[in-house]
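Structural features, examined
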2 protein chains.
Amino acid sequence: MKIIDSTPQKDGFRMPAEYEPHEATIMIWPVRAGSWGKDPSKAQHSFKAIFAEIVKSEKLILLADKEHIDDTKACVCDLPNVEVLEIASNDSWARDVAPTYVKDDLGNVRAVNWEFNAWGGQVDGLYADWSLDNKIPLNICQMRDTDMYDAAPFVLEGGSIHTDGEGTAIVTESCLLSKGRNPELTREQIEEKLKQYLGISKVLWLPRGIYMDETNEHVDNVCAFVGRGQVVLATTDNKDDPQYELSRLDMEYLEGQTDAKGRKITVYKLPIPDHPVLVTKSDVDSFEFEEGEDIREEGERLAASYVNFYFTNDEVLIPAFGGDNAESDDRAAEILQGICKTRKVVQIPARQILLGGGNIHCITQQLPVRDPGTVKNMMRFE
Amino acid sequence: MKIIDSTPQKDGFRMPAEYEPHEATIMIWPVRAGSWGKDPSKAQHSFKAIFAEIVKSEKLILLADKEHIDDTKACVCDLPNVEVLEIASNDSWARDVAPTYVKDDLGNVRAVNWEFNAWGGQVDGLYADWSLDNKIPLNICQMRDTDMYDAAPFVLEGGSIHTDGEGTAIVTESCLLSKGRNPELTREQIEEKLKQYLGISKVLWLPRGIYMDETNEHVDNVCAFVGRGQVVLATTDNKDDPQYELSRLDMEYLEGQTDAKGRKITVYKLPIPDHPVLVTKSDVDSFEFEEGEDIREEGERLAASYVNFYFTNDEVLIPAFGGDNAESDDRAAEILQGICKTRKVVQIPARQILLGGGNIHCITQQLPVRDPGTVKNMMRFE
């Protein structure tokens with residue numbers, strides 16, 4: 001592999017939409033006690049449910065550190081199509097710490113490395129030491145021999161961007177303009193970085209994300225592309241819910257917008273759970289926090305949203321929170337199935353992932369298929 | 001390979017929906033003068049446009065006979081991801097003459113051989129000698145080492161069935177109950193054969209297909225699944241058009257129906273071209289018919305429909321007829337793009353394929369991905 005001294009935009013590379021074909025999905029085996037509790041087996045159970053769906057239609061690339069690699073291998077020994085890589089990490093948010101992949105018209109795939117600072121560094125980062133996480137893209141690219149663009153020191157997480165594969169990215173102002181990321185850059189300069197490294201020509205800036213989302217409101221918890229010119233947005237009809245105003249601002253913004261191809265954006269509402277998902281005493285008791293780590297408190301509202309789903313080649317994996325939200329869970333799955341007709345929508349028990357601080361989309365990162373090459377000189381018969 | 005003395009239903013195999021992941025698409029290089037003219041290069045041009053889209057996201061398996069195999073290889077030498085097989089055929093309707101593939105929950109894939117009699121045999125078949133076509137499934141399975149169920153002497157073509165991969169098939173009465181196929185079987189016996197060999201539990205029987213469709217109105221020209229519980233139907237608002245009554249009967253039938261899972265069927269209308277596509281004098285002059293072959297006459301209306309599209313792993317290939325139908329072409333592509341949000345809809349110039357007697361779906365046959373295996377014993381962490 002080599003580090004490429006250029007940008008994807010210059011070289012004709014673009015980040016595909018998540019629903020374009022995948023070669024693989026990258027995930028990280030969860031063990032951090034501050035996220036998954038002293039006994040991480042409950043969270044691991046949800047992770048395994050996701051592994052099982054992924055390997056039905058693409059490869060799973062699973063990272064684990066030296067201490068846990070044997071356990072990890074044992075835990076996936078009953079799964080086909082898994083590649084386990086010994087790579088250390090600080091936690092398991094593959095979306096945010098694995099590289100972003102870009103692709104050109106010949107089907108070549110390259111990686112992009114961003115600077116990672118645990119969602120806000122010294123300002124409002126969520127843990128004190130993120131040095132292992134920040135090396136993950138280089139480690140993956142070296143082990144898998146993938147050429148890599150280096151966008152560092154520009155700070156970005158994969159969960160703070162969505163692309164349509166046709167020139168458009170969608171982000172939130174609350175996250176990308178936060179003080180803990182690139183305070184020295186203007187909005188215009190940040191937009192320019194996105195264009196260069198995602199190979200896009202237009203950025204849609206949602207004002208806000210999900211209430212209480214500790215990533216400064218990543219877009220992947222509030223809004224996602226479900227097709228060309230089509231997004232889903234987390235909403236609520238309950239005017240007393242603090243999410244109401246946040247979603248209203250986003251809806252208002254999107255109503256006036258077109259994408260890079262000039263298409264008006266169609267917005268499908270995907271209501272949040274009817275009942276807030278709260279941290280319980282038993283949840284709090286299960287954690288073991290390190291110094292400098294953001295902690296959980298009893299009664300705290302978690303940033304539950306159904307938009308944090310993930311496309312595999314054949315399915316859409318959507319969070320289910322259970323309990324008094326069983327009805328909202330099914331409603332969300334039904335809405336998404338209505339939109340994503342040709343993929344099977346599969347519910348994943350996700351309360352334990354949410355308790356860790358994110359959801360299905362946050363712990364997965366797609367690697368696009370390397371196309372066999374485009375077809376030039378097709379006009380032989382003309 | 002072996003011929004399996006059982007049925008897919010008994011062994012837990014089912015025919016997946018076309019929009020489930022493909023390993024490959026089978027096609028046949030077109031050379032028959034009675035279908036593609038004395039100079040088949042115009043039709044070959046449309047075929048090549050399809051090849052180029054297919055290889056972007058899956059393998060193309062291309063059949064040619066001994067006489068044309070070198071030409072064929074030369075013609076695809078600029079394409080990646082192509083497997084050329086030397087197999088003789090009478091014509092190029094891969095949908096109808098290649099095997100139907102079925103898959104089990106472990107991801108194993110097997111083939112089904114049907115008896116083929118050129119769409120009606122001595123009664124109303126379209127050519128006199130179909131002996132090469134009828135051997136294609138066995139030839140493919142031998143060359144690619146695929147185990148095969150043999151449904152013969154039951155007569156069926158792949159274009160006369162669509163499945164949703166979840167227990168439902170859709171067919172037309174006009175075709176499956178035609179006198180030229182299985183006149184000795186009752187409707188109930190035919191339905192039973194479909195259940196056994198497609199691994200389904202429910203058959204939806206549309207009364208009719210597309211006006212002037214010489215396959216006795218194959219379902220794949222009039223109605224197709226675009227998702228679970230969702231179909232598109234070819235329609236027209238023009239009450240003076242002979243298609244109006246045929247589509248009305250189908251719509252009326254579908255309104256009362258549920259699929260194998262008990263879901264009501266949602267029907268999306270996909271209007272036929274605004275202007276009939278007619279055979280011209282220059283078309284007629286280009287053909288060279290064999291004895292016993294159905295011929296084309298000047299002014300004859302062709303069975304043009306946009307429903308004859310094909311799902312690749314990443315796209316939907318839809319016919320475009322051009323000329324005074326350019327506007328209808330775009331309207332159809334737009335409707336389909338609105339339904340199939342996560343796949344890119346690509347228009348293929350298709351008048352030459354239609355002139356041969358079918359369209360994109362008729363010349364393609366999908367081979368489902370062999371899954372790496374399902375995941376049992378997932379409950380280790382419970």
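Details of the structure are given in the entry above.
The structure contained in this document is the topic of the report that follows. None of the values given here were measured: they were computed from a predicted structure. Residue positions are counted from 1 within each chain, in the order its sequence is given. Both sets of labels track the order of writing: A upward for chains, 1 upward for ligands. In keeping with the model being predicted, local features are shown solely for residues with a pLDDT of at least 70 and side-chain atom pairs are shown and tallied solely at 80 or more, while totals for entire chains, interfaces and linings include all residues. Side-chain descriptors were evaluated using all non-hydrogen atoms of the structure, hydrogens and water having been removed beforehand.

Regarding the packing of aromatic side chains
Residue and element names in this part refer to chain A. For clarity, the cut-off: Stacked, tilted and edge-to-face are the three classes assigned to paired rings of Phe, Tyr and Trp, where Trp is represented by its six-membered ring and a pair needs centres within 6.5 Å; plane angles under 30 degrees give stacked, over 60 edge-to-face, the rest tilted. Helix and strand definitions follow DSSP, with helices as H or I runs of at least four residues and strands as E runs of at least two, each counted in order from the N terminus. In this scheme, a residue with accessible area under 20% of its type's maximum is buried, one over 50% is exposed, and one in between is partly exposed, where area comes from a 1.4 Å probe on protein chains only. Two conditions define a charge located above a ring, namely a distance within 6 Å from the ring centre to NZ of Lys or CZ of Arg, and an angle within 35 degrees of the ring normal.
Under the defined criterion, the tally for this structure stands at 24 aromatic pairs over all chains. Aromatic side chains Trp114 and Tyr197 sit 6.2 Å apart centroid to centroid with 65 degrees between the ring planes, which places their arrangement in the edge-to-face category. Of this pair, Trp114 sits in strand β6 (residues 109-115) while Tyr197 sits in helix α9 (residues 187-198), and the two are 83 residues apart along the sequence. Each member of the pair, Trp114 together with Tyr197, is buried. Taken together, the ring pairs in this structure connect Tyr19, Phe309 and Phe311 into an aromatic cluster. We note Arg32 situated over the ring of Tyr127; from NZ or CZ to the ring centre the distance is 4.2 Å.

A closer look at the pattern of salt bridges
All names here are of chain A. Inclusion rule: By convention in these notes, a salt bridge is any Lys or Arg side-chain nitrogen within 4 Å of a carboxyl oxygen on Asp or Glu.
According to the stated counting rule, one finds 56 salt bridges over all chains in the structure shown. The partner of Glu157 in a salt bridge is Arg181, and the shortest N-O contact between them spans 2.9 Å. With a gap of 24 residues between them, Glu157 in the loop between β7 (148-155) and β8 (162-163) and Arg181 in the loop between α8 (173-176) and α9 connect regions that are remote in the sequence. Glu157 sits in the buried class, given a relative accessible area of 0%. Through salt bridges with shared partners, one network takes in Glu23, Lys59, Glu83, Arg144 and Arg370.

Quick look at the state of the cysteines
Residue and element names in this part refer to chain A. Put simply, the rule reads: A pair of sulfur atoms, both from cysteines and within 2.5 Å, is called a disulfide here.
This model, assessed by the stated rule, comprises zero disulfides over all chains. Between Cys223, a free cysteine, and Cys340, which holds the nearest cysteine sulfur, the sulfur-to-sulfur gap is 13 Å. Judged by its relative accessible area of 0%, Cys223 is buried.

Focus: the side chain of Ser89(B)
Residue and element names in this part refer to chain B. This is how the line gets drawn: Side-chain atoms alone can form a polar contact between residues adjacent in sequence; in general such a contact is a pair of N or O atoms within 3.5 Å, and within protein one must be able to donate a hydrogen while the other accepts it. We call two residues in contact when some of their heavy atoms are within 4.5 Å.
When you line up the elements, Ser89 lands in the loop between β4 (82-86) and α5 (94-97). Assessed through its relative accessible area of 17%, Ser89 is described here as buried. Among the polar contacts made by the side chain of Ser89, one reaches the main-chain carbonyl oxygen of Asp91 at a distance of 2.8 Å. When residues no more than four places from it in sequence are discounted, the contact partners of Ser89 are Ile28, Leu132, Asp133 and Ile136.

Digging into unusual backbone geometry
Residue Pro153(A) follows Ala152(A) across a cis peptide bond; omega there is 10 degrees. Considering the arrangement of structural elements, one finds Pro153(A) in strand β7. If you check the backbone angles, Trp119(A) has positive phi at about 65 degrees while not being a glycine. Relative to the helices and strands, Trp119(A) is located in the loop between β6 and α6 (121-124). The residue Glu217(B) is not glycine, and still its phi comes out positive at about 70 degrees.

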